[in-house]
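# Descriptive analysis of the structure
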Amino acid sequence: MTMEFSTLQTTLPASDTEHLTRTGKVAERLDDLRAHGRFGCILASTLTITETDYVTIIDTLTKETEQ
């Protein structure tokens, strides 16, 4: 068996005035994570990078595969 790695990147506005946009991006991220989970991927780690105007979330996923 081998281990595959993949990442998902989500960028959200940091401002509270863009609440609707941020909420939509969070919902998209959850949908993406669920979709990958249905194909056997497991969330291995999450990294959050905070900038002035945006927050970027990088999720690392793993999956064992037959060689």
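Anyway, here's the lowdown on the structure attached to this text. (Residues numbered from 1 in each chain as written. Predicted model: local features only at pLDDT ≥ 70, side-chain atom pairs only at ≥ 80, totals over all residues. Heavy atoms only, no water.)

## A closer look at the pattern of salt bridges
The final tally for this structure, using the stated rule, is three salt bridges. In this structure, the salt-bridge partner of aspartate 59 is arginine 29, at a minimum N-O distance of 2.8 Å. Taken together, the positions of aspartate 59 in strand β3 (residues 54–65) and arginine 29 in helix α1 (residues 19–38) put the pair 30 residues apart, joining distant regions of the chain. With respect to class, aspartate 59 is no different from arginine 29; both count as buried. With a shortest N-O distance of 3.7 Å, arginine 34 and aspartate 31 are connected by a salt bridge. (Salt bridge = Lys/Arg side-chain N within 4 Å of Asp/Glu carboxyl O. Helix = DSSP H or I, 4+ residues; strand = E, 2+ residues; numbered from the N terminus. Buried < 20%, exposed > 50% of the residue type's maximum accessible area, 1.4 Å probe, protein only.)

## A look at α1
Taking 1.5 Å as the rise per residue, α1 with 20 residues should run 28 Å; its terminal C-alpha atoms sit 29 Å apart, in good agreement. For α1, every residue scored as buried is listed here: Arg22, Arg29 and Leu33. An end-on view of α1 places all buried positions within 35° of arc, on one side of the element. Turned more than 90 degrees off the buried face of α1, the exposed positions are Leu20 and Arg38. Downstream of α1 by one or two residues, glycine 40 has phi in the positive range, about 95°. (Expected span 1.5 Å × (residues − 1). Arc of directions from axis to C-beta.)

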